[in-house]
Amino acid sequence: MGFTEKQEALVNASYEAFKQNLPGNSVLFYSFILEKAPAAKGMFSFLKDFDEVPQNNPSLQAHAEKVFGLVRDSAAQLRATGVVVLADASLGSVHVQKGVLDPHFVVVKEALLKTLKEAGGATWSDEVSNAWEVAYDELSAAIKKAMS
Ligand code: HEM
Ligand code: ISQ
């Protein structure tokens, strides 16, 4: 079965939970990424000058919000059309330039899910997780295709 209205609603609801504490959740997201891939720190222009993930850094928050927002948009696209089309064709070249490799996509996926789980509290469930995973995987596939 395709991506359902229910799945889209679950993604939207937990995206709102993420946004409710954007400063804290952004720091959490980066921390989860760097925990698994410490070397990725040097890839991010807004991280490389800091020893720790900076608290209350607007640039960091804006970037994190964009990533979660794109996954949420992908859920809407999947429900409406069954496919994910990149809104920004340059997303491929950005990631090639930064040296992003396939395994990084798994790291970012796990960090995203862990962050949403923290943000969602008792509302987090396997069903919510699965909806995000499908949307993330389809978006990742579109970015990887644009990278190749
Ligand atoms: C840049 C989204 C996967 C590392 C960007 C940008 C977006 C984005 C929108 C443009 C700049 C901005 O943040 O506004 C995504 C999405 C991903 C994904 C939606 C997965 C579905 C990855 C992965 C890595 C990565 C797996 C590797 C750790 C970077 C880096 C930049 C970037 C280093 C440049 C940031 C800078 O300006 O310094 N990404 N990305 N991305 N992405 Fe990703
Ligand atoms: C861009 N791409 C992947 C992950 C990110 C995390 C935080 C900020 C920007 C990002």
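Let me begin by describing the structure that accompanies this report.

Calculation notes
Residues numbered from 1 in each chain as written. Chains lettered and ligands numbered in written order. Predicted model: local features only at pLDDT ≥ 70, side-chain atom pairs only at ≥ 80, totals over all residues. Heavy atoms only, no water. Axes fitted to C-alpha atoms, helices over the stretch in contact; angles between N-to-C directions. Helix = DSSP H or I, 4+ residues; strand = E, 2+ residues; numbered from the N terminus. Left-handed = near helix turned anticlockwise from the far one by under 90°. Contact = heavy atoms within 4.5 Å. Nonpolar A, V, L, I, M, F, W, Y, C, P; charged D, E, K, R; others polar. Buried < 20%, exposed > 50% of the residue type's maximum accessible area, 1.4 Å probe, protein only. Near = heavy atom within 4 Å. Polar contact = N/O pair within 3.5 Å; in protein donor to acceptor, adjacent residues only side chain to side chain. 1 Å grid on protein atoms, 1.4 Å probe; cavity = no way out; pocket = protein on both sides within 12 Å on 5 of 7 lines; lining within 4 Å. Sits in = over half its atoms within 2 Å of the grid points.

## So, the packing of helix 2 (residues 22-36) against helix 5 (residues 102-120)
It is at 8 Å that the axes of helix 2 and helix 5 come closest, and there the two elements cross at 145°. When you trace helix 2 past helix 5, the crossing you get is right-handed. Contact residues: helix 2 offers Asn25, Leu28, Phe29, Phe32, Ile33, Glu35 and Lys36, while helix 5 offers Val107, Val108, Glu110, Ala111, Leu112, Lys114, Thr115, Glu118 and Ala119. Partitioned by chemical class, the residues of the contact of helix 2 with helix 5 number 9 nonpolar, 2 polar and 5 charged.

## Some points on the side chain of serine 74
Mapping serine 74 onto the fold places it in helix 3 (residues 58-81). With relative accessibility at 2%, the residue serine 74 sits in the buried group. Setting aside residues no more than four positions away along its own chain, serine 74 makes contact with Val84, Ala135 and Leu139.

## A look at the site of ligand 1
Close to ligand 1 lie 20 residues; Ser45, His63, Lys66, His95 and His104 are nearest. Here serine 45 contributes a backbone N or O atom positioned 2.8 Å from an oxygen atom of ligand 1. One of the side-chain nitrogen or oxygen atoms of lysine 98 is found 3.4 Å away from an oxygen atom of ligand 1. According to the grid-proximity analysis, the pocket containing ligand 1 is the largest pocket. Of all the secondary-structure elements, those providing two or more residues to the shell around ligand 1 are helix 3, helix 4 (91-97), helix 5 and helix 6 (126-147). By residue class, the composition of the shell around ligand 1 is 13 nonpolar, 5 polar and 2 charged.

## Here's the deal with the side chain of serine 14
Note on placement: serine 14 falls in helix 1 (residues 5-20). If we skip the residues at most four places from it in the chain, serine 14 touches Leu116, Val128 and Trp132.

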